[in-house]
Structure formats: C-alpha cells, structure tokens
Amino acid sequence: MLLELTSLDTLFATVRAWRQAGQRVALVPTMGALHAGHMALVEHARTLADRVVVSIFVNPTQFGPNEDFSRYPRPLDDDRALLTLHNADALWLPDVATMYPQGFATSVHVSGVTETLDGAARPGHFDGVATVVSKLLNQVQPDIALFGEKDYQQLCVIKRLVVDMNMPVEIIAVPTLRETDGLALSSRNRYLSEAQRPVATRMNQVLRHSAFVMREEGRPVAETLEKAQRFLLDAGFSNVDYVALCDSHSLAPLENYRRDARLLAAARLGTTRLIDNIAVE
Ligand code: PAF
C-alpha cells in the first residue's frame, strides 16, 4: 500500500520507524508527471533498498519567470496509480508552505559545474534545484537517492553538493530511458504536438551522429558541434541553447575529443525546451 505523507511529522515518524527496524531507505525525488523513466528509478531503488520513498514537488524556485511552472503537468491521480503499481512504499507530497514556510531565507549555490550549459541558459535554475534537493535529503534522510542521467548537469550538481556538504547519502545515477526511436523520456514530452514529435527525436540522432564522426572519423570538435546545431535547426528546432562536448564530471567544455567525454544538447521546439546527452564512447 502506498503511504501518502503530507506533513514533516508523519514523514519523520515513518522513516524513523523503518530505520529503527534496520531498513535501508531510498529516495527518488521527482516533480511528478511520472513516466516509465521515473519508474526505472523506482524499480532500481527497489533492488538497493528495503523502502522506497518518491517525492513529488513541483519546485517553484527552479523555474525562471518565463518558464513553464504554471503549466507544468500535475496528473496526481495517475502518479499515485503508477507508484502503487510499482510498489513504492511512500509518496512524500509536501505543499509549497511546507517546503518554503513564511520567512524562508536560504539558498544553496553550487559553483563551477553550474556555470555552463543549463546554468548559463537558465539563470538561478540550479540554485533552486540544489536548495530543494538539500531540503528533500534532509527531510527524508535516505541511505541512497536516485537521479536520472537524462538531467546530466543536475546529476553532476547534486553529486558535488553531497560531497561538499558531507551529506550521508549515496547518489545513484540511472541511465536515460528512451522511446524506441531514441527520444529520451521526459515529463515535458507531453507538450509535443503530433507534428513536433518526429522532430524531437532528431536530437538524439544528431547527438549519436556527432559522437560517431568525432570518435570514428576523427572530425574536429568545433566543426562537429557547429554542424550539430545546424542539423537541429534544419530539422525544425526553433532555437538551440547549446550542443557541447564536456568533461563528464566538471562539465568544462572540451576542445578535443576524449573517450570519457559527455555530449549534451538543449534546444527549443516551439514553446517546449528539450535536453538530451550521451556518453561519446
Ligand atoms: O529532476 C527533477 O525532477 C527535479 O529537478 C528535482 C530533482 C526533483 C528537484 O526539484
């Protein structure tokens, strides 16, 4: 049975009881609009822990003023049904007043890894993410927390955060789940129209092609990234925020191909912003 927890007191009491019984606790933080990618995190958590808590909180502080906070999908009944089907133990469902009570005045900033890519394209976004993830980890106090590689920069930010703040939690990265045509699963895919859907899938194709030509044909990085941007625009994306080859830990941009690098892209399709990334090897 899925326990639905909406107050900090009941959350603390529930997790305390599990811990006293010697059980290992996993947290899967989400903003809801759950899909098979989230369920892969839940299933993986199940193999590593006795109890799986999934949080759903559409965090206002990680959305910019012109972003999709108000229209972000909130299909809570569907989310509950999926979590029940996948045997999550508890749904942590704080409201905004519980997360950010009157007088809340703290923001967590991770430097370095937040300065490029989405950090540059979405100012303040990662402060919102680092702040809410710090809070979620403090609230639930899990042994492990699972994050998808789909949001690769977010994963790097959170890994840095828990190391720097000596948080007693292990961060587990789970590979991106994709549609059969390669499109990375994302809650934002439901914004896509029928006409935009085949365009969206080009992002992964372009990333894979770019990795191939750098790896197998030795094509120069700058030229490849420039061509990738052009391919995305020609395919129908309205704007490309970046296509970048980066160090897979620091996310520093790379001028030369390296086998352990990460290739990342973000582009807009109408009003929908899509991101994807792959390991180049
Ligand atoms: O990846 C997400 O869904 C969110 O950024 C997270 C980690 C739940 C923080 O709000």
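1. Observations concerning helix α1 (residues 8–20)
Stage number 1. Over its 13 residues, α1 runs 18 Å from end to end, which matches the ideal 18 Å to within 8%, given 1.5 Å per residue.
Stage number 2. By the burial criterion, the buried members of α1 are Leu11, Thr14, Val15 and Trp18. Down the axis of α1, the buried side of the element spans an arc of 90°, and every buried residue falls inside it. Facing away from the buried side of α1 by over 90 degrees, the exposed positions are Asp9 and Gln20.
Stage number 3. Tucked inside the fold, the buried residues of α1 contact β1 (3–5), β2 (25–30), β3 (51–56), β4 (90–92) and α6 (125–140).

2. Comments concerning the pattern of salt bridges
Stage number 1. One pass over the structure, following the stated rule, counts 21 salt bridges.
Stage number 2. Measuring nitrogen to oxygen at the nearest pair gives 3.4 Å for the salt bridge that ties arginine 262 to glutamate 149. Here arginine 262, found in strand β8 (residues 262–269), pairs with glutamate 149, found in the loop between β5 (144–148) and α7 (152–164); they are 113 residues apart in sequence, far enough to count as distant.
Stage number 3. We classify arginine 262 as buried; its relative accessible area is 10%.
Stage number 4. Salt-bridge contacts for glutamate 281 lead to arginine 259; the nearest nitrogen and oxygen are separated by 3.8 Å. Within this pair, whereas glutamate 281 is found in the segment after β9 (272–279), its partner arginine 259 is found in the loop between β7 (239–246) and β8, the two being separated by 22 residues in sequence.
Stage number 5. Looking at glutamate 281, the relative accessible area reads 53%, which means it is exposed.
Stage number 6. Look at the salt bridges and you will find they share partners, linking Asp118, Asp241, Arg268 and Arg273 into a network.

3. A short note on the sheet that holds β2
Stage number 1. Read from one edge to the other, the open sheet built from six strands follows the order β1-β4-β3-β2-β5-β6, with strand pairing classed as parallel. Two strands bound the open sheet, and with one partner strand each, they are β1 and β6 (170–174). Here the strands of the sheet are splayed against their neighbours by 25° on average, with no regard to which way each runs.
Stage number 2. Each of β1, β2, β3 and β4 touches α1; the most contacted strand, β1, lies at about 135° to it.
Stage number 3. Contacting β1, β3 and β4, helix α3 (residues 76–85) crosses the sheet at an angle of about 170° to β3.

4. Notes on the packing of aromatic side chains
Stage number 1. Across all of its chains, the model carries four aromatic pairs by this definition.
Stage number 2. Summarising the aromatic geometry, the rings of phenylalanine 57 and tyrosine 100 are spaced 6.1 Å apart at their centres and angled 55° between planes, so their arrangement reads as tilted. One end of the pair, phenylalanine 57, is in the loop between β3 and α3; the other, tyrosine 100, is in the loop between α4 (96–99) and α5 (117–121), with 43 residues separating them in the sequence.
Stage number 3. Here phenylalanine 57 falls in the buried class, since its relative accessible area comes to 5%.

Each value, and the rule that gives it
- Residues numbered from 1 in each chain as written.
- Predicted model: local features only at pLDDT ≥ 70, side-chain atom pairs only at ≥ 80, totals over all residues.
- Heavy atoms only, no water.
- Helix = DSSP H or I, 4+ residues; strand = E, 2+ residues; numbered from the N terminus.
- Expected span 1.5 Å × (residues − 1).
- Buried < 20%, exposed > 50% of the residue type's maximum accessible area, 1.4 Å probe, protein only.
- Arc of directions from axis to C-beta.
- Contact = heavy atoms within 4.5 Å.
- Salt bridge = Lys/Arg side-chain N within 4 Å of Asp/Glu carboxyl O.
- Pairing = 2+ DSSP bridges.
- Axes fitted to C-alpha atoms, helices over the stretch in contact; angles between N-to-C directions.
- Phe/Tyr/Trp six-rings, centres within 6.5 Å; stacked < 30°, edge-to-face > 60°.

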